[in-house]
Each structure stands twice: as structure tokens, then as C-alpha cells.
2 protein chains.
Amino acid sequence: MTKTQYYVAASVDGFIADRENSLDWLMQFGFEEFGADYEGFLADVGVVVMGSRTYEWLLAEGSPWAYADRPAWVLTSRELPPIEGGANIRFASGDVRELHTEWVAAAGGKNVWVVGGGEVAAQVADAGLLDELLLTTMPVVLGAGAPLLPVAATTGVLELVSTQRFPGGATGAVYRTRG
Amino acid sequence: MTKTQYYVAASVDGFIADRENSLDWLMQFGFEEFGADYEGFLADVGVVVMGSRTYEWLLAEGSPWAYADRPAWVLTSRELPPIEGGANIRFASGDVRELHTEWVAAAGGKNVWVVGGGEVAAQVADAGLLDELLLTTMPVVLGAGAPLLPVAATTGVLELVSTQRFPGGATGAVYRTRG
């Protein structure tokens, strides 16, 4: 059964990019201690979804496309450059409910990962389509920046499914975000 | 040895009051499961510090003054009404470094609790005077509201001292916030 998941890292105070829209605060922690968690998560992902700025950030970063041959939806009303090398990317805009039906169909029984940014995840959550928030909280306070999940109204009480603690001081929490 | 502590509850996305400046989202959880943690914390508190809006919120709420005979500093540049019944309250404004010296002296070896709001705690943190953030994260997303700790610049990496998990889905984390 396909779940729609927002797997993301944030600061203690709930920002996913700093006030200069940088991820340096996150990159300083490296990925080594999070690798097993991420690989375990990614193994069950059938489709990735992201906003235009997240996509542009990935393009600018210049690393190889990290999602292998999984179909990726980039939500955008703008014309964006494709990624070299045959990544399976669909640029789309429109009603998130209709798109969500496409994502679930394309996921083939695996999960839909909403990569970000926060506004895209909030759009999915506001439509009642987000099943899980998988949050890694890094031990740093940003003070300002891009919000984690700027939903239009306060949510109901979430169910805390699991927690974990990483050696470097990060913590993980998985929340069920609907019904 | 006196520690200056910010003990506070926030939403998953780092807000301490909602977009209507209400605490209803917090109050819905009740206090019962947090009582032992709070009492243990409060037992080591010698001085409480808060901003004018936190003070006014407590006044409006109308409950008995919760800090017993501990000296309380209310940071304000405005004239505020005193609390009935002989609470030990000092209205003050000015340089947080000088005030901090007073707080530590008055704490008599116990700790200084910065109750809030976020701007007051950030002022203390920005001055390098905050020792610990004791954060309880409630399982709810607000989307917008009063920020947890709006520091002027990204902090260094904090040390995660301890974590806990409450039955209703809240989590606790204690961070060391300097040296």
C-alpha cells in the first residue's frame, strides 16, 4: 500500500534552509551516520516529487541524479532545463489531487517521496494526502529560513510512530500525518 | 553552578504560539504526562525570566502565579501591572549581559529559567549566555506562528544531552547551547 512521505532534515527550530537559502548548516554533518536510514527509506520509494527550487538546487549542485530510474515529478509553472543522462523527469503543474493519483499509479505499490521544499509538502498535506513525516532534526538553530512544513492551518494531533537518536546529536522521528 | 535554561514546548515545525498567538494547540495535550518532568526541572530553578507578552499572557490567563517565591524578571520597556498576592517580580529593561549577572546572583546557585517568548530567549542566546535548551516537541504542525528561538545567526552545532519520549507522542530533547 503506497504511502506519501515527506522525508526531510530540519534544524531544531524547524527550518530546512537557512536565511540565505543555503544548506551549508546541514552539509556540515555529512551523510555517513544517516546512510543506512536513508538507504532503507529509499529502497521503498517508487516516485519522487519536488518543487522547482529543489530541482534547481539539485541541478546547480551538479551531483549525479540521485534517484536512479524512479520517475520524478517536478512541480513547476516555469520552463526548466532537463537533466542530462536520461533521468525520468516529468514537469507538471496543476491540481495536487490529480497529480497525486498519477504519482500513486506510477509508484507501483512503492511509496511517494515528497522531497521538498516545504511549500510543496504543505500543499500535499493541506490536501490531506500526506501519510507520513519522516523528520531528522539536526542539532543546530538557524533562527530564520525556509519553513519545514508551512501548512495553511494547524494540523490535528499526529501519531508518533518511532524515534531514533544518531551519534552526532541528530534525532529522528516518524509521524503519521493523517487518519 | 548556575545554568541559564530555556525550557519550552514547541510544535514539530518550531513554533511556540500559533498564528493567532494562541496556545490552544498546546493546551489540548494537558499537563499530566509532563508533570514529573516539569516538577523535576522547576525544583532546580532559582530565577525566572520572561518578556512582557509572556507576562501579560500569564496575567490574562488568571491562574495563580506559578513560580512561588522565586524572583521573576519581566523584560519590558513598558509600564505593566503587578500581580496580586506578593509575587516577587522585577520589571527591567536594558543590556541583557548586565541583567544576566543579576539573575545569576539572585538564583543563589540554582538555575535561571528563561520562560519565553522566543525573542527573549534569542536575546540571551545571541549574547552567548544560554546554556541549555530543554525542548518538548508536541506532535502537531502549526505552519506559522511565533518562532521558537529566532537567533540573529545560525548557531554552532549543539550537544544533544538527552532525549525522552512521552506517551502521547511528544518528545523531549535537552541541548547544550554553548561551549
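Refer to the preceding data block for the structure.
Position numbers for residues count from 1 along each chain, tracking the sequence in the order it is written. Chains and ligands are labelled sequentially in the order written, the chains with letters from A and the ligands with numbers from 1. Whole-chain, interface and lining totals are the exception, using all residues; otherwise, since this is a predicted model, local features are given only for residues with pLDDT of at least 70 and side-chain atom pairs are given and counted only at 80 or more. Working from all heavy atoms in the structure, the side-chain values ignore hydrogens and water.

1. Points about the packing of aromatic side chains
Residues and elements named next belong to chain B.
Right, on to step 1. Classification of ring pairs rests on two measures: the distance between centres of Phe, Tyr or Trp rings, Trp counted by its six-membered ring, which must be within 6.5 Å, and the angle between planes, read as stacked under 30 degrees, edge-to-face over 60 and tilted in between. On inspection of all chains with the given rule, the structure shows 20 aromatic pairs over all chains.
Right, on to step 2. Between W65 and Y67, the aromatic rings sit 5.0 Å apart at their centres with planes inclined by 85°, giving edge-to-face as the arrangement.
Right, on to step 3. Of the residues examined, W65 reaches a relative accessible area of 16% and is grouped as buried.
Right, on to step 4. Burial classes: relative accessible area under 20% of the type maximum marks a residue as buried, over 50% as exposed, and values in between as partly exposed (1.4 Å probe, protein chains only). Given the relative accessible area of 5%, Y67 is considered buried.
Right, on to step 5. Measuring from ring centre to ring centre gives 5.6 Å for Y67 and W113, while their planes differ by 80°; the resulting arrangement is edge-to-face. With a gap of 46 residues between them, Y67 in the loop between helix 3 (52-61) and strand 4 (72-75) and W113 in strand 6 (residues 111-116) connect regions that are remote in the sequence.
Right, on to step 6. Of the residues examined, W113 reaches a relative accessible area of 5% and is grouped as buried. Helix and strand definitions here come from DSSP, where helices need a minimum of 4 consecutive H or I residues and strands a minimum of 2 consecutive E residues; each element is numbered from the N-terminal end.

2. With respect to the interface of chain A and chain B
Right, on to step 1. Listed by partner, the interface residues are 36 residues for chain A and 36 residues for chain B.
Right, on to step 2. Note on terms: buried area is the combined drop in 1.4 Å-probe accessible area of two parts once they are placed together, counting the loss on both. With both sides pooled, the region where chain A packs onto chain B buries about 2700 Å², and carbon together with sulfur makes up 60% of that total.
Right, on to step 3. Among the residues chain A hides against chain B, the three largest losses belong to V12, V141 and R165 of chain A. Together they make up 20% of the total.
Right, on to step 4. Only one rule defines a salt bridge in this text: a Lys or Arg side-chain nitrogen within 4 Å of an Asp or Glu carboxyl oxygen. Taken together, the connections running from chain A to chain B amount to zero salt bridges.
Right, on to step 5. Those elements that place two or more of their residues in the side of chain A that touches chain B are strand 7 (132-138), strand 9 (159-165) and strand 10 (171-176) of chain A.
Right, on to step 6. At five residues, the largest contribution of residues to the side of chain A that touches chain B is made by strand 9 of chain A.
Right, on to step 7. Each residue receives one of three labels: charged for Asp, Glu, Lys and Arg, nonpolar for Ala, Val, Leu, Ile, Met, Phe, Trp, Tyr, Cys and Pro, and polar for the others, Gly being one of them. For the side of chain A that touches chain B, a count of residues per class yields 21 nonpolar, 11 polar and four charged. We call two residues contacting when some pair of their heavy atoms lies within 4.5 Å.

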